[in-house]
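The lines below spell out each chain.
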Amino acid sequence: MRRFLYELSESWKIAASQMRSNLTRSALTALGVIIGIVAVTLMGTAIGGIQVGFDKSMSIFGDDVLYVGQWPWRKVDDWWNYRDRKKIKTEYADALNRMIAMTPNSNLMIAIPTSSVIRSVKYADSEVSNVLVRGTVSDYIITSTFDFKEGRFFNDLESRGGANVCVVGYDVADALFPSASPIDKSVLINGQPFKIVGVIARQGSFLGLFSLDSIVVMPLPAFQKYFTAKSEADILVKVKDKTKLAEAKDELGGLMRRVRGLPPEKKDDFSINEQQALKSTLDPIKNSIAVAGLFITGLSLFVGAIGIMNITFVSVKERTKEIGTRKALGARRRTILLQFLIESTALCLLGGIIGLGFAFAMCFLIGIAFPSFPTQFSTGLVVISMVVSVMTGLISGFAPAWTASRLDPVTALRYE
Amino acid sequence: MVTSTRPVGPLVIDIENITKDYVMGEETVHALRGVSLQIHKTEYIAIMGPSGSGKSTLMNMLGCLDTPTSGRYEFNGKNVAEMNDDELAAIRNREIGFVFQTFNLLPRSTSLRNVELPLIYAGIDPDTREEMATHVLHEVGLGDRMNHKPNELSGGQRQRVAVARALVNKPSIILADEPTGNLDSKTGEEIMALFEDLYQRGNTIILVTHERDIAVHARRTVHLRDGLIETDHAGFIPELDLVALERP
């Protein structure tokens, strides 16, 4: 064991002196690994960023909320079967809440009706178009994941009375009130004034597709009065225990069938959706992007590894006589194997560290130049790229090191 | 004329009827064709022979760099012929000190580090290593050249470093292959004086050479020809040797 340690430290010294004495060669070989590690690390960072953005987007649905709607949140091949389903109505929420209240040990907590349209929002001379205007009840806040920048959500009294109040998203507030506070100001939607009582903190965009901050939320009676006579809706149902989501889903399915008055032989004419289902639809897409990206950038690391293998073969050839001498002085096969493995690994590790430094700097610069680009530099990534470097060194150095260790001492000593 | 005047020590090398064949393409070369040799502790022996006589092959056998095709080889009572690579490496490390014609020093390491190398493979701790290496470097007269690299040393000094490296593990035998082959005659004589000194201090030396001027320093001379021992006698008998070498 002790001898192994001495041989190990000796091997490190040899590796260091080899790198010093063949500086250009080592630098060029390490460059291959540097490029490989930079590519893989940046790709890993981008994938990490996509993952974080994805999770953040998903989190707005809440992991303890079920969504009752006409359409399922997945790709359907028989869309015509869904098209003619009866619309989901806001009144269902009241019916569901009554049944939940009467069910002992219900897995469900509360049902919330929401109804939405797209409208423009005006204040003085400013106007924001394509704003999602949503009518709901004050309990909506229970199912939501957002925070308030200022102000509050509308209260129960305002909700029931259908007061002309609203809560605006960050983008709406920012566009209409760039310098002043929007609280207690009135915005015009469809020519009707609505007093702002709260501003939602910035939520970002959903998968980079559309902004979650371009939104106005108001009491449902007011919404129905000014925007639509029909009561088409989505129903949000919060569950009590998110570990019992499946049971809650079954229970909600039963309740909805009662609301709809469906006889047992008929299939459901509504869909119950959840965050997890959407995730499992989108996950494969995200994962194949990650795998393809890592594979392509992994190729550049592979080229670097071939460079290391090549240079280690050259090194073994050049130092055949030295290997012979070492064997004559008592170096065993594994000593020689270890020596060349450490040389290739040291080179890869050096390349890996430099590459990681470059990648870190580039991430930092990208972060400054394009703040919206998702980059995620983690300690996990640092550890992984170091492990990848060492593995690259070991794998690419093995064949030449094995050759060296099997050299016949007599032949090696005679080699000129 | 020097003859072996002192009593010899216990048997170190005991070779009986060894052969070595090399396959070269279609042909099989019989480099050694049945050599028997016994070498005792504290002997100073020269192995001579023209090129192609099997001299180098015998040296490789004695140095445990190679194993015989057939025959018995015992080193300090241990059967070398059946050892595996790692066991042979251990014998070379502890029992044999090599001195090469071309010195074979590590070019980027100092004298001290070169001499320490066999000790690293023996698993000796750094402090003891440095102490032992320093000691032998003083012994060969290079106490003031310990931190010089080979390219900062003269040929004779390089060979002294190599001799120190051979001595550092206190081996049973020192095996020198043409140790003066790359040196001018004056420096060569200095190295031979160093070997004489080592011999006087009780070391066992095996000298492989084709030069009679070098072989005369040994106390016993073995002549090889065509893979067989031709003569093996105490001292060096120039007349006889001359005859042996000049025979067609």
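Cut-offs and rules
- Residues numbered from 1 in each chain as written.
- Chains lettered and ligands numbered in written order.
- Predicted model: local features only at pLDDT ≥ 70, side-chain atom pairs only at ≥ 80, totals over all residues.
- Heavy atoms only, no water.
- Contact = heavy atoms within 4.5 Å.
- Buried area = accessible area lost by both parts, 1.4 Å probe.
- Salt bridge = Lys/Arg side-chain N within 4 Å of Asp/Glu carboxyl O.
- Polar contact = N/O pair within 3.5 Å; in protein donor to acceptor, adjacent residues only side chain to side chain.
- Domains from an automatic or database assignment.
- Helix = DSSP H or I, 4+ residues; strand = E, 2+ residues; numbered from the N terminus.
- Expected span 1.5 Å × (residues − 1).
- Buried < 20%, exposed > 50% of the residue type's maximum accessible area, 1.4 Å probe, protein only.
- Pairing = 2+ DSSP bridges.
- Axes fitted to C-alpha atoms, helices over the stretch in contact; angles between N-to-C directions.
- Patch = residues over 30% accessible without salt bridge, like charges linked within 9 Å, V, L, I, M, F, W, Y side chains within 5 Å.
- Areas by Shrake-Rupley, 256 points an atom, 1.4 Å probe, with all protein chains shown as cover.
- Phe/Tyr/Trp six-rings, centres within 6.5 Å; stacked < 30°, edge-to-face > 60°.

Enquirer: It is not clear to me how the interface of chain A and chain B should be interpreted in this structure. Could you clarify?
Expert: As a measure of interface size, the accessible area lost when the parts come together is often cited. At the junction of the two partners, chain A supplies 26 residues and chain B supplies 27 residues. Carbon and sulfur atoms make up 56% of the area that chain A and chain B hide from each other, which totals about 2400 Å². Aspartate 85 of chain B serves as the salt-bridge partner of arginine 333 of chain A, at 2.3 Å between the closest nitrogen and oxygen. Taken together, the links from chain A to chain B amount to 8 residue pairs in polar contact (both at pLDDT 80 or more).

Enquirer: What is the right way to look at the domain arrangement of chain A in this model?
Expert: Residues and elements named next belong to chain A. Per the domain assignment, the segments of chain A are domain 1 (2-57 + 281-414) and domain 2 (109-240). Of note, the centres of domain 1 and domain 2, computed from C-alpha atoms alone, are 54 Å apart. In this complex, domain 1 contributes 4 residues to the contact, which on the side of domain 2 involves 4 residues. A combined buried area of about 310 Å² lies between domain 1 and domain 2, and 67% of that area is made up of carbon and sulfur atoms.

Enquirer: What exactly am I supposed to notice about helix α1 (residues 2-21) of chain A here?
Expert: Residues that lie three or four places apart on an α-helix share one face, since the helix turns once every 3.6 residues. Here α1 of chain A is 20 residues long and its end C-alpha atoms lie 29 Å apart, about the 28 Å a rise of 1.5 Å per residue gives. Turning to α1 of chain A, its buried residues are Arg3, Tyr6, Glu7, Glu10, Ser11, Ile14, Ala15, Ser17, Gln18 and Met19 of chain A.

Enquirer: When you look at the sheet that holds strand β7 (residues 173-177) of chain B in this model, what are you seeing that I'm missing?
Expert: The strands that make up a sheet pair up through hydrogen bonds in the backbone, lying either parallel or antiparallel. All names here are of chain B. Taken in spatial order, the 6 strands make up an open sheet running β6-β7-β8-β3-β9-β10, and their pairing is mixed. At either margin of the open sheet sits one strand with a lone partner, and together these are β6 (96-99) and β10 (228-234). Strand-to-strand twist in this sheet, taken as the mean axis angle between neighbours without regard to direction, amounts to 15°. Bridging between strand β3 (residues 44-48) and strand β9 (residues 220-225) involves 4 bridges; their strand directions are parallel.

Enquirer: What am I meant to see in a nonpolar patch on the surface here?
Expert: Residues Phe295, Ile296, Leu299, Phe302 and Ile306 of chain A make up a contiguous nonpolar surface patch of roughly 550 Å² in combined accessible area. Structurally, the position occupied by leucine 299 of chain A is in helix α10 (residues 275-318).

Enquirer: Looking at this model, I keep getting lost on the packing of aromatic side chains. Mind explaining?
Expert: Note on aromatic pairs: each is described by the distance of the centres and the angle between the planes. All names here are of chain A. Taken as a whole and judged by the stated rule, the model has 17 aromatic pairs over all chains. An angle of 85° between the planes, with centres 5.7 Å apart, marks the rings of phenylalanine 146 and phenylalanine 148 as edge-to-face. By relative accessible area, which is 12% here, phenylalanine 146 ends up buried. Within the aromatic cluster, the residues linked to one another by ring pairs are Tyr140, Phe146, Phe148, Phe153 and Phe154.

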